[in-house]
Amino acid sequence: MMATLQAIKYNDGQLEILDQLLLPESCTFIPICKVEDAWAAIREMKVRGAPAIAIVGCLSLAVELRKLAVPESKEELCRMVKEKLDYLVTSRPTAVNMQLAAESCVQLCARLSDNTLLSVAEAKGDIVKHLEATLANDVADNRAIGEHGACDITKKNATKDKLRIMTHCNTGSLATAGYGTALGVIRSLHAASKLDQVYCTETRPYNQGSRLTAFELVYEKIPATLVCDSMAAAAMREFKMDAVVVGADRVAANGDTANKIGTYQLAVLAKSHDVLFYVAAPFSSIDFQIPNGHSIPIEERPHSEMTHTGSTRTAAAGINCWNPGFDVTPAELITGGIITEKGVFKPDQLAPHQ
Ligand SMILES: CSC[C@@H](O)[C@@H](O)C(=O)COP(=O)(O)O
């Protein structure tokens, strides 16, 4: 099985991430030595993508805990862990993965505190193991997402030998621990010799498509064509797409999905071109506490991401800007389904204990 790009390197308490702000010009790894480093790297988008945000957040805490002298009590240990997790959750608001990872770790802390047979050192070791497991778990989930998605798309296009898929933003190895979600589905189609061509959108204003997805596709020799966001409708008609597959930052209980700005317009276009529209995401991107997309917090990014390319201003000085990082695609437009590691679900079939 071919290894995919590796953007998060973790070994025995040493964490390094590929600085995605420098891609595609340079592949530079930077050390993450404490949760403050992770918080800043996530906020500045040196690492981005919902699963990668949570993994780097969790691993940065593992790095700190490994170096920490054993605290006086489990209460002190758990209080400190919770404080640091709460802080990490504030780094970016739309993706739910860091929040759910924090909740799961706090629940573990409560169980460890209740276990009177366990020493503080053992509890600390268990928390570290739990945090470190996020890396391997994510790759396994992504491979399962890839298999389920490729299988469903192939089945629904049974008369076609090779498929044309459109994707948005970056959902690959750079946005996860490896393999990717929507891009994982595309990888699996390619591995099964079912992919004719993937069309990746540029994804303005931060250009995750042209800088990151295009980089991954070229690196792995997957047949791909870059289109600007404004070409999506024309490309759908011209190339007769078989499916659009995108990732998710947060899926509400009813299936409404927040993802990179521009996803909603692709779903509208897919509907009017009779193209299946899929969301691919780990089950941990589903927020069952939020009934629908109206309650999903949408991050507003700095205007400079729109007005400048690097340090060069490309928009007229003085213009007002609106720069939401994400939009919400209503569940009814997700016609293909929501692809998870547990299978492919219609948006109205989602339930917490699937
Ligand atoms: C597997 S990544 C899923 C999503 O996080 C992805 O599609 C996306 O919207 C990323 O946005 P970003 O702002 O680059 O973090």
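Residues numbered from 1 in each chain as written. Predicted model: local features only at pLDDT ≥ 70, side-chain atom pairs only at ≥ 80, totals over all residues. Heavy atoms only, no water.

As recorded in an unreviewed UniProt entry, the protein chain goes by Methylthioribose-1-phosphate isomerase and comes from Daphnia lumholtzi. Recorded in UniProt under Function (unreviewed entry), the annotation for the protein chain is "Catalyzes the interconversion of methylthioribose-1-phosphate (MTR-1-P) into methylthioribulose-1-phosphate (MTRu-1-P)." As its UniProt record puts it under Catalytic activity (unreviewed entry), the protein chain is described as follows: "5-(methylsulfanyl)-alpha-D-ribose 1-phosphate = 5-(methylsulfanyl)-D-ribulose 1-phosphate". (UniProt positions renumbered as here; feature names shortened; annotations may be inferred.)

Colleague: How do you make sense of the sheet that holds strand β2 (residues 14–18) when you look at a structure like this?
Modeller: To summarise the sheet geometry, strands pair through backbone hydrogen bonds and adopt either a parallel or an antiparallel arrangement. Here we have three strands laid out as an open sheet, ordered β1-β2-β3, and antiparallel in their pairing. Looking at the sheet topology across the chains shown, the edges are occupied by β1 (8–11) and β3 (29–32). Ignoring which end each strand starts from, the neighbouring axes of this sheet average 25 degrees apart. Bridge count between β2 and β3: four bridges; the pairing is antiparallel. If you follow I17 over to β3, its bridge partner there is I30. The strands touched by helix α2 (residues 50–67) within the sheet are β1, β2 and β3, with β1 carrying the most contacts at an inclination of about 25 degrees. (Pairing = 2+ DSSP bridges. Helix = DSSP H or I, 4+ residues; strand = E, 2+ residues; numbered from the N terminus. Axes fitted to C-alpha atoms, helices over the stretch in contact; angles between N-to-C directions. Contact = heavy atoms within 4.5 Å.)

Colleague: I tried to follow the UniProt feature "site: Transition state stabilizer" (unreviewed entry) in the protein chain on my own but got confused; where do I start?
Modeller: Feature annotation in UniProt assigns "site: Transition state stabilizer" (unreviewed entry) to the following positions: C169. Counting through the fold element by element, C169 comes out in the loop between β4 (163–167) and α6 (182–191). Ignoring any residue separated from it by four or fewer positions in sequence, one finds C169 in contact with R48, T201, T203, Q208, G209, T213 and K260.

Colleague: Sorry, what's going on with the domain arrangement of the protein chain here?
Modeller: Interface size is commonly expressed as the accessible area that is lost once the parts come together. Under the domain assignment, the protein chain is made up of domain 1 (8–138) and domain 2 (146–349). For domain 1 and domain 2, the distance between their C-alpha centroids amounts to 27 Å. Taken together, the 27 residues of domain 1 in the interface contact 29 residues of domain 2. Summing both sides of the interface, domain 1 and domain 2 together bury roughly 2,200 Å²; the carbon and sulfur share of this comes to 52%. For the interface between domain 1 and domain 2, the tally reads one salt bridge. (Domains from an automatic or database assignment. Buried area = accessible area lost by both parts, 1.4 Å probe. Salt bridge = Lys/Arg side-chain N within 4 Å of Asp/Glu carboxyl O.)

Colleague: Even after reading the chapter, I still don't get the side chain of D287, so can you show me in this structure?
Modeller: You can see D287 is positioned in strand β11 (residues 286–287). At 2.7 Å, the side chain of D287 forms a polar contact with the side chain of R250. Setting aside chain neighbours within four positions, we find D287 in contact with V96, R250, V251, A252 and A253. (Polar contact = N/O pair within 3.5 Å; in protein donor to acceptor, adjacent residues only side chain to side chain.)

Colleague: Please clarify how the environment of P223 should be interpreted in this entry.
Modeller: Along the chain, the position of P223 falls in the loop between α7 (208–219) and β6 (224–227). Judged by its relative accessible area of 27%, P223 falls in the partly exposed class. Each C-alpha atom, one on P223 and one on V198, is 6.4 Å from the other, the two residues being 25 residues apart in sequence. (Buried < 20%, exposed > 50% of the residue type's maximum accessible area, 1.4 Å probe, protein only.)

Colleague: How should unusual backbone geometry be read in this particular structure?
Modeller: Among all residues except glycine, the phi angle is most often negative; among peptide bonds, the trans geometry is most common. Residues L23 and P24 are joined by a peptide bond in cis, for which omega reads 5 degrees. Relative to the assigned elements, P24 resides in the loop between β2 and β3. Omega for the bond connecting R204 with P205 falls within 30 degrees of zero, at 5 degrees, which places this linkage in the cis form. Of note, P205 is situated in the loop between β5 (195–201) and α7. Even without glycine at this site, T203 takes up a positive phi of about 65 degrees. The exposure class assigned to T203 is buried, which follows from its relative accessible area of 0%. You will see that N207, though not glycine, has its phi angle at about 65 degrees, which is positive. Turning to its location among the elements, N207 is positioned in the loop between β5 and α7. By relative accessible area, which is 17% here, N207 ends up buried.

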